[in-house]
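Below are the chains, spelled out letter by letter.
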Amino acid sequence: MSKVKQLFSAISSVASRFSESVYGLPAQKQIVEARKLIAFSLLGHNYLIPLNEVSEILELPESTKLPRVKSWVTGLANVRGRLLPIIDLAAFLGGSLTSAVRDRRVLVLDINNVYVGVAVDAVQGIKSLPMNQHKPTPSQCPMASFTDGVFVEEEQSLTIFCARKLIEDDQFMSVAI
């Protein structure tokens, strides 16, 4: 037997011994695109809003009441030198905020050159949900006309609030009496 054949035979036997004791590679996981959302509650329902639609979240700031505006306009607040109109989103939808004042938060929106804060009952935090859990089905919630489908998570449906639809609504933009 030539040296090449002996070498090849030795390598083959070592390879076969190692292949018998090697465990398989871990199963390859499919990468699913995720979407970052802020969870909040309003009128007894839980909602999600895309993180990129909210510029910041504030505790309910002191605000100055404005004359001759609709009742759902809470007032005008000075946030770091910038005037922020505060809208009671529950009142705009025909309800009222139900949480304690200390739990209420203002979602600051800065969309299409409209800078406004919408008051909600509470903010639960940021969620990262896989896009394959998104369903474009219409919602039966109080904000149905301002939603963009639902995420189904652990047998719970979370409605996606679309701030752009709210900003584009003529009724929302006409605050004067």
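In case you missed it, the structure is sitting above this.
Just so it is clear, the model here is predicted, and its values are computed rather than measured.

Analysis parameters
- Residues numbered from 1 in each chain as written.
- Predicted model: local features only at pLDDT ≥ 70, side-chain atom pairs only at ≥ 80, totals over all residues.
- Heavy atoms only, no water.
- Helix = DSSP H or I, 4+ residues; strand = E, 2+ residues; numbered from the N terminus.
- Buried < 20%, exposed > 50% of the residue type's maximum accessible area, 1.4 Å probe, protein only.
- Areas by Shrake-Rupley, 256 points an atom, 1.4 Å probe, with all protein chains shown as cover.
- Lys, Arg positive; Asp, Glu negative; His and termini not counted.
- Charge placed at Lys NZ, Arg CZ, Asp CG, Glu CD.
- Salt bridge = Lys/Arg side-chain N within 4 Å of Asp/Glu carboxyl O.
- Pairing = 2+ DSSP bridges.
- Axes fitted to C-alpha atoms, helices over the stretch in contact; angles between N-to-C directions.
- Core = buried A, V, L, I, M, F, W, Y, C linked by side-chain atoms within 4.5 Å.
- Contact = heavy atoms within 4.5 Å.
- Expected span 1.5 Å × (residues − 1).
- Phe/Tyr/Trp six-rings, centres within 6.5 Å; stacked < 30°, edge-to-face > 60°.
- Lys NZ or Arg CZ within 6 Å of the ring centre and 35° of its normal.

S.K.: How would you explain the overall build of the protein chain if you had to name every residue and give the values?
M.R.: Counting its secondary structure elements, the protein chain contains four helices and 11 strands. The C-alpha extent of the protein chain, read off along each of the three principal axes, is 105 × 40 × 30 Å. Expressed as a percentage of its 177 residues, the buried residues of the protein chain come to 35%. Roughly 11,300 Å² of accessible area belongs to the protein chain as shown, and the carbon and sulfur atoms make up 53% of that amount. Looking at the protein chain, you have 18 positive and 17 negative side-chain charges, and the mean spots of the two groups are 8 Å apart.

S.K.: I'd love a proper account of the pattern of salt bridges, names of residues and values included.
M.R.: Under the definition given, this model contains two salt bridges. Between Glu56 and Arg80 there is a salt bridge, and its shortest N-O distance comes to 2.4 Å. Placement of Glu56 in strand S3 (residues 56–59) and of Arg80 in the loop between strand S4 (73–79) and strand S5 (82–88) is noted, with a sequence separation of 24 residues between them. Classification of Glu56 by relative accessible area gives partly exposed; the value is 21%.

S.K.: Lay out the sheet that holds strand S7 (residues 114–120) in plain terms, naming residues and giving numbers.
M.R.: With mixed pairing, five strands are arranged side by side in an open sheet as S3-S6-S7-S5-S4. Because the sheet does not close on itself, it has two edges, and the strands there are S3 and S4. Recorded for the sheet is a direction-independent mean angle of 30 degrees between the axes of neighbouring strands. Where S3 and strand S6 (residues 105–111) come together, four bridges link them in antiparallel fashion. Bridging from a neighbouring strand, Ile57 pairs with Leu107 of S6.

S.K.: Go over the nonpolar core with me, naming the residues and quoting the values.
M.R.: Counting residues in hydrophobic clusters, the biggest one holds 38 residues, and the most contacted among them are Phe40, Leu42, Ile49, Phe161 and Phe172. At the level of elements, strand S1 (34–42), strand S2 (45–50), S4, S5, helix H2 (89–92), S6, S7 and helix H3 (163–167) are the ones that each hand at least two residues to this core. With six residues, the single largest contributor to this core is S7. Leaving out residues up to four positions away in the same chain, Phe40 has contacts with His45, Asn46, Tyr47, Leu48, Ile49, Leu107, Val120, Ala122, Val123, Gln124, Met143 and Phe161. Membership of the second largest hydrophobic core comes to seven residues, among which are Leu37, Leu129, Phe151 and Leu158.

S.K.: Hey, could you go over the pairing of S2 for me, with residue numbers and the actual values?
M.R.: As defined by bridge partners, S1 adjoins S2 across six bridges and the pair is classed as antiparallel. Across the sheet, the residue bridging to Phe40 is Tyr47, located in S2. Adjacent in sequence and paired antiparallel, S1 and S2 are bridged by two residues, among which Leu43 carries a positive phi angle near 55 degrees. By the bridge criterion, two bridges tie S2 to strand S11 (residues 156–161) in an arrangement that is parallel.

S.K.: So what's going on with helix H1 (residues 3–21)? Residues and values would help.
M.R.: In this model, H1 (19 residues) spans 28 Å end to end at C-alpha, consistent with the 27 Å of a helix rising 1.5 Å per residue. Burial of H1 is sparse: only zero of the 19 residues sit out of reach of the surface.

S.K.: So, the packing of aromatic side chains: which residues are in play, and what are the values?
M.R.: All told, the structure shown has six aromatic pairs when counted by the stated rule. A ring pair is formed by Phe92 and Phe172, whose centres lie 5.3 Å apart and whose planes are at 85 degrees; its orientation type is edge-to-face. Of the two residues, Phe92 is situated in helix H2 and Phe172 in helix H4 (residues 170–173); the sequence distance between them amounts to 80 residues. Here the two residues Phe92 and Phe172 agree in accessibility, since each one is buried. An aromatic cluster is defined as three or more aromatic residues linked by ring pairs; in this entry it consists of Trp72, Phe92, Phe146 and Phe172. Across from the ring centre of Tyr115, 3.6 Å away, lies the NZ or CZ of Arg82, which sits over that ring.

Interpretation note: all reported values are geometric properties and have no functional meaning in isolation.
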